[in-house]
Protein chains: 2
Amino acid sequence: MQYKLYYWPSIQGRGEFVRLAREEAGADYVDVARRSGRGMGVPALEKFLDDEKLGSAPYAPPFLKAGKLIIGQTANILLYLGPRHGLTPRSEAGRIWVNQLQLTIADFVTEIHDTHHPIGGSLYYHQQKAEARRRAKNFRTERMPKFLGYFEQVLAGGKGRRYMAGNTLSYADLSVFQLIAGLRYAFPKTMKKQEPDYPGLVDLHYRIAARPKIAAYLASKRRLAFNEYGIFRHYPELDG
Amino acid sequence: MQYKLYYWPSIQGRGEFVRLAREEAGADYVDVARRSGRGMGVPALEKFLDDEKLGSAPYAPPFLKAGKLIIGQTANILLYLGPRHGLTPRSEAGRIWVNQLQLTIADFVTEIHDTHHPIGGSLYYHQQKAEARRRAKNFRTERMPKFLGYFEQVLAGGKGRRYMAGNTLSYADLSVFQLIAGLRYAFPKTMKKQEPDYPGLVDLHYRIAARPKIAAYLASKRRLAFNEYGIFRHYPELDG
């Protein structure tokens, strides 16, 4: 089946977690809003969001069209794709665990976003810069170590795991790769200081980056560059 | 099977979404941190969070112990319990949809929480009151109408639905009940103004409240009162 992914064409954002899963699986996808032509582009994405008659319209991108199904919420998309792409354990317990990790990653992603938008997404960054400085300081000193420390503990626990769910690569590992990449972009100074505390996560990051399909993806034009419109933004004044 | 729910004993918080599902199902649960005695109370909860050797430790409460499984993240707990408690559609498409709704509710709940804690959960409210005023204003005027409008549209779409997933009661309906109850507590003035725009959600709220098991629960001591330690806090200065 050919999947259609709907996400903004100019940012990695939350869509990147789905794009990474697609790339690792080598699956057949159309990244709708990045294509032009009939039924493509941003208008095709917005059509779904604005469809008041569609009883299962998604709240926001990313969403995935899989046959007749329209699936919203990043973690929900990955929960659906995981077993289809061989990116989650086979047992129910394993799938629940990977979903739990992905939801905790989603919470972390929201907090990363809110460092530059602590008052509201509808305001510009420069309109909430003072609040952003305060929130970013709290984030760097308390939240970042708490989340990264937790994920490191997951890897170190259970007698030392190869991946977040044990010996099976899962989409949670791809997401950890993206977290480290994004945090390095947004908070280079802070990461330089804190990274030595998370050797397991850094090692996992490099192992994922070296996987042939991911490496090819990262070197391709399909991988958008980080920028100051997405979740991970580099504003030096927020990096301490 | 007897389930063990681990959540803070003095607040509704995120645990309430699980408590409501338990009550509607009439299921056998122990609310561990609200009990005293051996293996009970808050220490029993904290033991899991602090267990560095536990490779599948939850990041935060609520979490559920179901036999050997330990399941964290509210939406993940409900995803697991839904089919077991008859609180989700039987089809995969239906379960995906209810999970998607619950994740969107979770996003809304985070934004509700952040109206009083826009800088950080480790700081007191009075330490971030100025920022809270600004964020709450943005929330009341932009975010609340956007989320509630979306959920209202879900109910109105598909030719007018009885429940959020069509004709089947699901845990997403119980969660909508809780959203309306909590918003009325936290933002009574704002809700008085905005509620007429969401007749479907208000009607659903009352229908859930009138269900025999939910009505009995709400009248019991098991239902904790709203207070200024949870997610929904009534600070008049944030209500406009």
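Remember, predicted model here, so these are calculated numbers, not experimental data. (Residues numbered from 1 in each chain as written. Chains lettered and ligands numbered in written order. Predicted model: local features only at pLDDT ≥ 70, side-chain atom pairs only at ≥ 80, totals over all residues. Heavy atoms only, no water.)

**Q** Looking at this model, I keep getting lost on the overall build of chain A. Mind explaining?
**A** Secondary structure summary: chain A contains nine helices and four strands in total. In chain A, the order of α-helices and β-strands from amino to carboxyl end is β-α-β-α-β-β-α-α-α-α-α-α-α. What you see for chain A is a C-alpha radius of gyration of 18 Å, in line with the 18 Å of a compact globule of 240 residues. Seen through its C-alpha atoms, chain A measures out along the principal axes to roughly 50 × 45 × 35 Å. Every one of the 240 residues in chain A was classed for burial, and the buried ones make up 58%. At a minimum sequence separation of 6, the contacts of chain A that also span at least 24 residues come to 71%. Summing over all exposed atoms, chain A offers an accessible surface of approximately 10,100 Å²; the carbon and sulfur share of this is 52%. Each charge sign in chain A was given a centre, from 36 positive and 23 negative side chains, and these centres are 4 Å apart. (Helix = DSSP H or I, 4+ residues; strand = E, 2+ residues; numbered from the N terminus. Rg over C-alpha atoms; globule rule 2.2 N^0.38 Å. Buried < 20%, exposed > 50% of the residue type's maximum accessible area, 1.4 Å probe, protein only. Contact = heavy atoms within 4.5 Å. Areas by Shrake-Rupley, 256 points an atom, 1.4 Å probe, with all protein chains shown as cover. Lys, Arg positive; Asp, Glu negative; His and termini not counted. Charge placed at Lys NZ, Arg CZ, Asp CG, Glu CD.)

**Q** Before we go on, may I ask you to explain unusual backbone geometry in this structure?
**A** Peptide bonds are mostly trans, and most non-glycine residues show a negative phi. All names here are of chain A. The omega angle of the peptide bond from P61 to P62 is 0°, so this bond is cis rather than trans. Tracing the sequence through the fold places P62 in the loop between α2 (41–49) and β3 (63–66). Although it is not a glycine, Q73 adopts a positive phi angle of roughly 75°. With respect to the helices and strands, Q73 occurs in the loop between β4 (69–72) and α3 (74–84).

**Q** Just to check I follow, could you spell out the interface of chain A and chain B for this structure?
**A** In many reports, interface size means the accessible area that the parts give up when they come together. At the junction of the two partners, chain A supplies 52 residues and chain B supplies 52 residues. Interface of chain A and chain B: buried area, both sides summed, is about 4,200 Å²; carbon and sulfur atoms make up 49% of it. Among the residues chain A hides against chain B, the three largest losses belong to Y59, I119 and R134 of chain A. Together they make up 19% of the total. The interface formed by chain A and chain B contains six salt bridges. (Buried area = accessible area lost by both parts, 1.4 Å probe. Salt bridge = Lys/Arg side-chain N within 4 Å of Asp/Glu carboxyl O.)

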